Amino acid sequence: MFFTFLFTFLGSMIAVYFVRRNAKKWGLTDIPNERSVHSKHTPRSAGIGFFLSFFLVMCLFHSTMVLNHWWIFLAIFLVFVVGVLDDHKETSPNTKFIIIILSTVFLYFDGIVIRDLGTYWGIELSLGWLALPFTIFAVSGFTNALNLIDGLDGLAGTISIVILLGFFSVGYTHHDLFMMYLSGSFIAALLAFLFYNWYPATIFMGDSGSLTLGFVISVLAIKSLAYLPTVSILFVAAIPILDTLVVMIRRKRNGRSVFSADRCHTHHILRHFFAEETPQTVFFLSILQAIYTFTGLQLSKNTDEGYLLLLFVLNVIFLYLFLGAMIKRQKRKC
């Protein structure tokens with residue numbers, strides 16, 4: 001296992017460097033707009049580098065695992081491809097959504113599906129025929145949520161590492177080799193990526209990275225439902241979920257489309273609070289994510305989840321009010 005992670009790390013270092021050097025020639029350059037934090041044209045699509053490193057090492061050293069779960073690997077690959085296409089030339093949201101739906105259906109063929117929502121005050125909520133539609137909704141939502149927090153140098157990569165460490169610990173505790181290899185390999189690949197993406201970043205992960213990571217974390221989250229209560233996943237992967245929920249609620253209340261773009265995400269607001277210091281903002285959000293992840297991992301599978309859900313809802317309300325107060329103080333138009 002150590003050598004799998006080592007080769008993935010080294011492969012990612014080399015591959016991301018190669019993508020960075022050739023990004024302009026390949027048409028993989030991020031052009032700043034009014035929502036951007038950076039001001040220079042910057043290479044993107046580092047996801048090509050760290051995903052291919054992960055994929056090649058898994059195929060070379062763990063071909064049996066890849067063949068046993070080929071529906072999952074095919075699904076991840078499809079999401080990666082649509083991310084690359086979006087980095088090269090803007091892909092329509094509908095196209096991305098269709099590919100994510102198709103990929104989630106492929107997961108279903110390998111048994112990766114949310115069949116129930118847990119037990120709430122003694123009542124077990126089984127999804128029945130709604131299992132696949134709800135899984136599509138959850139996977140699409142989280143994949144997009146991780147994409148939305150990719151707005152500061154090092155943020156999406158660091159947050160993802162914290163979440164993946166949580167799922168690696170679940171796999172380790174329950175001797176689930178698939179979870180350990182999938183999460184551990186992406187941790188290794190991301191550590192190499194952060195060498196280039198830490199502030200000031202010389203390359204961004206792009207949609208090829210953020211969509212793939214969001215989808216992989218979704219796979220691990222569903223897999224971990226065999227060992228954790230459903231609501232615990234909301235804590236293990238809290239920051240992307242909380243940010244997306246708060247932003248969508250605010251837009252809806254202000255009469256705007258929930259899919260409209262702005263500079264009112266949690267990281268935008270906190271970065272201004274930290275005097276535009278990107279590393280401090282990333283460090284703060286990463287520590288917060290680590291606290292949430294640790295909390296989620298302490299929850300027992302047999303726990304009644306009613307009060308846990310209430311606790312998470314209270315977190316959503318608190319964050320909404322807290323960020324709302326900061327928006328007024330910063331005089332932002334949200």
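Scroll up to find the structure.
Residues numbered from 1 in each chain as written. Predicted model: local features only at pLDDT ≥ 70, side-chain atom pairs only at ≥ 80, totals over all residues. Heavy atoms only, no water.

Residues and numbers for empty space enclosed by the protein, please.
Leftover empty space is mapped by rolling, across the atoms, a probe with the size of a water molecule. Counting across every chain of the model gives one cavity of 30 Å³ or more. Its volume calculated, the largest cavity comes out at about 40 Å³. Ile 149, Leu 155, Ile 239, Asp 243, Thr 266, His 267 and Leu 285 together form the lining of the largest cavity. Elements represented by at least two residues in the lining of the largest cavity include exactly helix H11 (238-253) and helix H12 (266-273). Counted by class, the lining of the largest cavity contains four nonpolar, two polar and one charged residues. (1 Å grid on protein atoms, 1.4 Å probe; cavity = no way out; pocket = protein on both sides within 12 Å on 5 of 7 lines; lining within 4 Å. Points joined across faces, edges and corners; volume = space filled by probe spheres on them. Helix = DSSP H or I, 4+ residues; strand = E, 2+ residues; numbered from the N terminus. Nonpolar A, V, L, I, M, F, W, Y, C, P; charged D, E, K, R; others polar.)

An account of the packing of helix H7 (residues 155-173) against helix H8 (residues 177-197) is needed here, citing residue identities and associated values.
H8 packs onto H7 with a crossing angle of 155° between their chain directions and a minimal axis gap of 8 Å. Looking at the two axes, H7 sits roughly antiparallel to H8. In the crossing of H7 with H8, the sense of the turn from one axis to the other is left-handed. Across from Gly 157, Thr 158, Ser 160, Ile 161, Leu 164, Leu 165, Phe 167, Phe 168, Val 170, Gly 171 and Tyr 172 in H7, the residues of H8 making contact are Met 179, Met 180, Ser 183, Gly 184, Phe 186, Ile 187, Leu 190, Leu 191 and Leu 194. Considering only residue class, the contact of H7 with H8 consists of 14 nonpolar, six polar and no charged. (Axes fitted to C-alpha atoms, helices over the stretch in contact; angles between N-to-C directions. Parallel < 35°, antiparallel > 145°, perpendicular 65-115°, else oblique. Left-handed = near helix turned anticlockwise from the far one by under 90°. Contact = heavy atoms within 4.5 Å.)

Explain the pairing of strand S3 (residues 116-120) to me, using residue names and the numbers behind them.
Note: S3 against strand S4 (residues 123-126), three bridges, orientation antiparallel. Pairing of Tyr 120 across the sheet is with Ile 123, part of S4. The turn linking S3 back onto S4 is made up of two residues, and Trp 121 within it adopts a positive phi angle of 50°. (Pairing = 2+ DSSP bridges.)

Got a sec to walk through the environment of Phe 97? Specific residues and values, please.
Summarising the element assignment, Phe 97 is placed in helix H5 (residues 93-109). C-alpha of Phe 97 to C-alpha of Val 79: the two residues are 18 residues apart in sequence and 9.7 Å apart in space.

Can you explain the state of the cysteines? Please cite residues and give values.
Covalent bonding between the sulfur atoms of two cysteines is what defines a disulfide. With the rule as written, the count across this model stands at one disulfide. Here Cys 264 pairs with Cys 334 through a disulfide, and the sulfurs are 1.7 Å apart. Disulfide Cys 264-Cys 334: the torsion about the S-S bond is -85°, which places it as left-handed. Taken together, the residues span a long stretch of sequence, with Cys 264 in the loop between H11 and H12 and Cys 334 in the segment after helix H14 (306-330) at a distance of 70 residues. Given the relative accessible area of 2%, Cys 264 is considered buried. Given the relative accessible area of 14%, Cys 334 is considered buried. (Disulfide = S-S within 2.5 Å. Buried < 20%, exposed > 50% of the residue type's maximum accessible area, 1.4 Å probe, protein only.)

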